[in-house]
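Chain residues, written in single-letter form:
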Amino acid sequence: MTLLPVAATMKRAYRSARLEAGRACTQESCTQVFARRAMTVPIAKLSFWGVRGSTPTVDPATWRYGGNTPCLELIAPDGTQIILDCGTGLRMLGSRWAAPNGGKVPETHILVTHYHWDHIQGIPFFSPLYMENNEFHFYSFRSKFLGRDSLKQVFEAQMALPYFPVDMSAMNAKRKFKEVDGGDSFEVGENKITARWLNHPQGCLGFRIETPAGTMAYATDNEPGDAKLDESLRELASGADIFINDAQFTPEQLATTRKGWGHSSWLEGAKLARQVEAKTLVLFHHDPDSTDRMVDSILRQARDEFDSVYAASEGMVVTLGAPGDRVQAHMPGTRTTLRREAQFHAKVCGVTEGGKDFEEETMVRDISLQGALISLKHMPRLQSELQVTMEAPGADGVQAMNLRGYVVRIDAGAEKGHVAVGVVFTD
Ligand SMILES: [Zn+2]
Ligand SMILES: [Zn+2]
């Protein structure tokens with residue numbers, strides 16, 4: 001077949017579809033659509049701002065899942081904003097405050113699981129703390145090493161001279177501190193929060209948040225093996241729509257060299273998710289030494305054990321309570337890269353949402369050194385592998401270019417009956 005006439009037709013179809021999309025957007029903005037839906041169905045939105053454990057990473061081999069340490073943000077259906085942990089991901093979340101319509105709310109509730117560096121090091125870099133109109137409610141436990149007002153002391157210590165250029169007096173926002181103990185339950189807006197102790201050196205709290213849109217359990221930094229605390233974890237995760245669990249080590253490491261370090265594995269998470277009938281498992285707190293390829297392999301193994309699993313990825317957004325599908329994940333677009341429109345004929349092999357193998361011929365529309373945007377009739381599974389064979393014109397005629405990629409996003413396609421699939425090439 002000749003590629004050029006097809007390419008020209010496709011290009012025309014693509015352009016007119018984009019114009020259509022443009023027109024649709026002027027009639028009703030996406031925010032309006034979301035607001036309208038939110039009025040009818042309670043939807044909660046959970047964003048992952050930092051997913052790496054122990055220490056931030058900037059190694060290019062870890063960019064796809066991300067290098068910032070733990071920070072999550074939950075916007076409940078009633079608009080309550082809850083931040084979980086203050087790792088380096090918190091800085092990025094803070095930058096959004098400064099943006100126009102940056103999701104500002106009058107007060108924010110911040111739950112801190114424990115005082116290890118990776119869970120608090122974003123605090124001094126969280127710009128909203130320096131603005132007097134903001135109000136923050138912090139929740140954490142009384143550490144036996146610090147006594148009363150543990151979290152307040154942690155703030156003061158980490159900003160003491162000479163560790164940081166300004167001290168606490170520069171933080172103008174209103175700050176309130178509440179002590180929480182394992183076993184406590186309290187309400188914030190129409191949401192119920194329950195705290196339970198987890199097995200981790202110097203202590204760590206896990207949180208269960210029940211919203212009208214569904215329930216999430218956040219259990220980072222915990223090691224299985226303590227009967228009482230294993231039971232706490234089961235209580236936290238019981239029937240949760242989203243169960244976020246520590247998956248720092250491999251099952252082999254957990255049984256040998258990393259035993260007693262206070263972390264868990266994908267296998268423990270999958271076993272527990274099945275046992276307590278959690279709907280979706282999110283593997284979290286990736287080891288700083290785990291490259292993206294290693295996390296890919298961990299995720300693949302976990303999906304063999306439990307059907308609905310995601311590996312937490314920086315920028316990932318999970319919505320709860322949407323009609324039809326209670327848990328939906330969305331991945332961030334590829335970060336700024338050099339992109340070019342392209343017209344490659346391609347054959348794509350992958351696995352659908354329902355777990356079936358598929359093969360399809362299509363066109364690659366847009367390509368960068370890191371990935372491509374491909375229009376498909378099939379709906380591949382998010383974070384699954386795709387084999388992409390492209391026909392590329394070379395000096396000796398058309399040649400096949402074989403690439404293996406991971407599905408990082410799925411959007412509505414420009415053509416009817418198609419989805420636009422964002423792929424990041426892995427080799
Ligand atoms: Zn940690
Ligand atoms: Zn820790």
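Residues numbered from 1 in each chain as written. Chains lettered and ligands numbered in written order. Predicted model: local features only at pLDDT ≥ 70, side-chain atom pairs only at ≥ 80, totals over all residues. Heavy atoms only, no water.

**Notes on the overall build of the protein chain**
Reasoning step 1: What the protein chain contains, in helices and strands, is nine helices and 21 strands.
Reasoning step 2: Approximately 20000 Å² of the protein chain is accessible, and the part contributed by carbon and sulfur atoms is 54%. (Helix = DSSP H or I, 4+ residues; strand = E, 2+ residues; numbered from the N terminus. Areas by Shrake-Rupley, 256 points an atom, 1.4 Å probe, with all protein chains shown as cover.)

**Some details on the coordination of the zinc ion (ligand 2)**
Six octahedral donors at a metal ideally form angles of 90 or 180 degrees, and four tetrahedral donors ideally form angles of 109.5 degrees.
Reasoning step 1: Listed as protein donors to the zinc ion (ligand 2) are His 114 (NE2), His 116 (ND1), His 200 (NE2) and Asp 221 (OD); their distances from the metal cover 2.1 to 2.4 Å.
Reasoning step 2: Relative to the metal, the four donor atoms surrounding the zinc ion (ligand 2) lie at angles of 89 to 178 degrees, and the coordination shape comes out irregular.
Reasoning step 3: Linear spacing of the donor residues for the zinc ion (ligand 2) on their chain is H-x1-H-x83-H-x20-D.
Reasoning step 4: The distance between the zinc ion (ligand 2) and the zinc ion (ligand 1) comes to 3.5 Å, and Asp 221 binds to both of them. (Donors = N, O, S within 2.8 Å, 3.2 Å for Na, K, Ca; no water. Tetrahedral: all angles 85-135°; square planar, octahedral: opposite > 155°, others 65-115°.)

**A few points about the sheet that holds strand β8 (residues 191-198)**
Reasoning step 1: With mixed pairing, seven strands are arranged side by side in an open sheet as β7-β8-β9-β10-β11-β12-β13. Whereas interior strands pair on both sides, the edge strands pair on one side only; in this sheet they are β7 (185-188) and β13 (309-311). Taken pair by pair, the neighbouring strands of this sheet meet at an average axis angle of 20 degrees, ignoring direction.
Reasoning step 2: Taken together, the three bridges between strand β12 (residues 280-284) and β13 define a ladder with parallel strand orientation. By the bridge assignment, Val 282 is partnered in β13 with Tyr 310.
Reasoning step 3: Contacting β8, β9 (204-211), β10 (214-219) and β11 (242-246), helix α6 (residues 227-237) crosses the sheet at an angle of about 160 degrees to β8. (Pairing = 2+ DSSP bridges. Axes fitted to C-alpha atoms, helices over the stretch in contact; angles between N-to-C directions. Contact = heavy atoms within 4.5 Å.)

**Re the coordination of the zinc ion (ligand 1)**
Reasoning step 1: Those donors, Asp 118 (OD), His 119 (NE2), Asp 221 (OD) and His 285 (NE2), are the protein atoms that reach the zinc ion (ligand 1), and they lie 2.1 to 2.3 Å from it.
Reasoning step 2: Angles of 92 to 162 degrees at the metal separate the four donor atoms of the zinc ion (ligand 1), which places the site in the irregular class.
Reasoning step 3: Binding-site remark: the zinc ion (ligand 1) is held by donors from one chain whose sequence spacing is D-H-x101-D-x63-H.
Reasoning step 4: Taking the relative accessible area as the measure of exposure, Asp 118 reaches 5% and is therefore buried.
Reasoning step 5: Residue classification places His 285 among the buried residues on the basis of a relative accessible area of 0%. (Buried < 20%, exposed > 50% of the residue type's maximum accessible area, 1.4 Å probe, protein only.)

**Observations concerning the sheet that holds strand β1 (residues 44-50)**
Reasoning step 1: A sheet is described by the order of its strands in space; here eight strands give the open sequence β6-β5-β4-β3-β2-β1-β14-β15, paired in mixed fashion. Each edge of the sheet is formed by a strand with only one pairing partner; in this case those strands are β6 (174-179) and β15 (327-330). Averaged over all neighbouring strand pairs, the angle between strand axes comes to 20 degrees, with direction disregarded.
Reasoning step 2: With four bridges joining them, strand β2 (residues 71-75) and strand β3 (residues 81-84) adopt antiparallel strand pairing.

**Some thoughts on the packing of aromatic side chains**
Reasoning step 1: A full pass over the atoms with the stated rule returns 12 aromatic pairs.
Reasoning step 2: When the centroid spacing of 5.0 Å and the interplanar angle of 45 degrees are considered together, the rings of Tyr 115 and Phe 141 count as tilted. Of this pair, Tyr 115 sits in the loop between β4 (107-111) and α4 (117-120) while Phe 141 sits in the loop between β5 (135-140) and α5 (150-158), and the two are 26 residues apart along the sequence.
Reasoning step 3: The exposure class assigned to Tyr 115 is buried, which follows from its relative accessible area of 15%.
Reasoning step 4: When the ring of Tyr 218 is compared with that of Phe 284, the centres are 5.6 Å apart and the planes differ by 75 degrees; the resulting orientation is edge-to-face. In this pair, Tyr 218 is assigned in strand β10 and Phe 284 in strand β12, connecting sequence segments 66 residues apart.
Reasoning step 5: It is Arg 64 that lies over the ring of Tyr 406; its NZ or CZ is 5.3 Å from the centre. (Phe/Tyr/Trp six-rings, centres within 6.5 Å; stacked < 30°, edge-to-face > 60°. Lys NZ or Arg CZ within 6 Å of the ring centre and 35° of its normal.)

**Topic: the pairing of strand β17 (residues 357-368)**
Along any regular strand, the residues point their side chains to alternate faces of the sheet.
Reasoning step 1: Counting buried residues along β17, nine of its 12 residues qualify, which places the element largely inside the surrounding structure.
Reasoning step 2: Here three bridges tie β17 to strand β18 (residues 371-376), and the two strands are oriented antiparallel to one another. Within β18, the position partnered with Val 364 by the bridge is Ile 374.

**Comments concerning the side chain of Thr 352**
Reasoning step 1: With respect to the helices and strands, the residue Thr 352 is situated in the loop between β16 (339-351) and β17.
Reasoning step 2: We classify Thr 352 as buried; its relative accessible area is 14%.
Reasoning step 3: The residues contacting Thr 352, other than those within four sequence positions of it, are Phe 358, His 378, Met 379, Pro 380 and Arg 381.

**Focus on the nonpolar core**
Reasoning step 1: The biggest cluster of nonpolar side chains holds 79 residues, and the ones touching the most others in it are Phe 48, Met 216 and Ile 244.
Reasoning step 2: If near-sequence neighbours (up to four positions away) are discounted, Ile 244 is found in contact with Leu 46, Phe 48, Leu 72, Met 216, Ala 217, Tyr 218, Ala 219, Thr 220, Val 282 and Phe 284. (Core = buried A, V, L, I, M, F, W, Y, C linked by side-chain atoms within 4.5 Å.)

**With respect to the environment of Gln 328**
Reasoning step 1: Mapped onto the secondary structure, Gln 328 falls in strand β15.
Reasoning step 2: Accessibility expressed as a relative area gives 26% for Gln 328, which makes it partly exposed.
Reasoning step 3: Separated by 11 residues in sequence, Gln 328 and Val 317 place their C-alpha atoms 8.2 Å apart.
Reasoning step 4: What Gln 328 contacts, discounting residues up to four positions off in sequence, is Val 317, Val 318, Thr 319 and Ala 322.

**Some words on the pattern of salt bridges**
Reasoning step 1: Here the structure, examined in full by the defined rule, presents 15 salt bridges.
Reasoning step 2: Between Arg 381 and Asp 307 there is a salt bridge, with its nearest N and O atoms 3.7 Å apart. Linking Arg 381 in the loop between β18 and β19 (385-394) with Asp 307 in the loop between α9 (292-305) and β13, this pair joins segments that are 74 residues apart in sequence.
Reasoning step 3: The residue Glu 359 makes a salt bridge to Lys 347 at a minimum N-O spacing of 3.8 Å. Placement of the pair is Glu 359 in strand β17 and Lys 347 in strand β16, with a sequence separation of 12 residues.
Reasoning step 4: With a relative accessible area of 53%, Glu 359 lands in the exposed category.
Reasoning step 5: What you see here is one network of salt bridges that share partners, running through Arg 300, Glu 385 and Arg 404. (Salt bridge = Lys/Arg side-chain N within 4 Å of Asp/Glu carboxyl O.)

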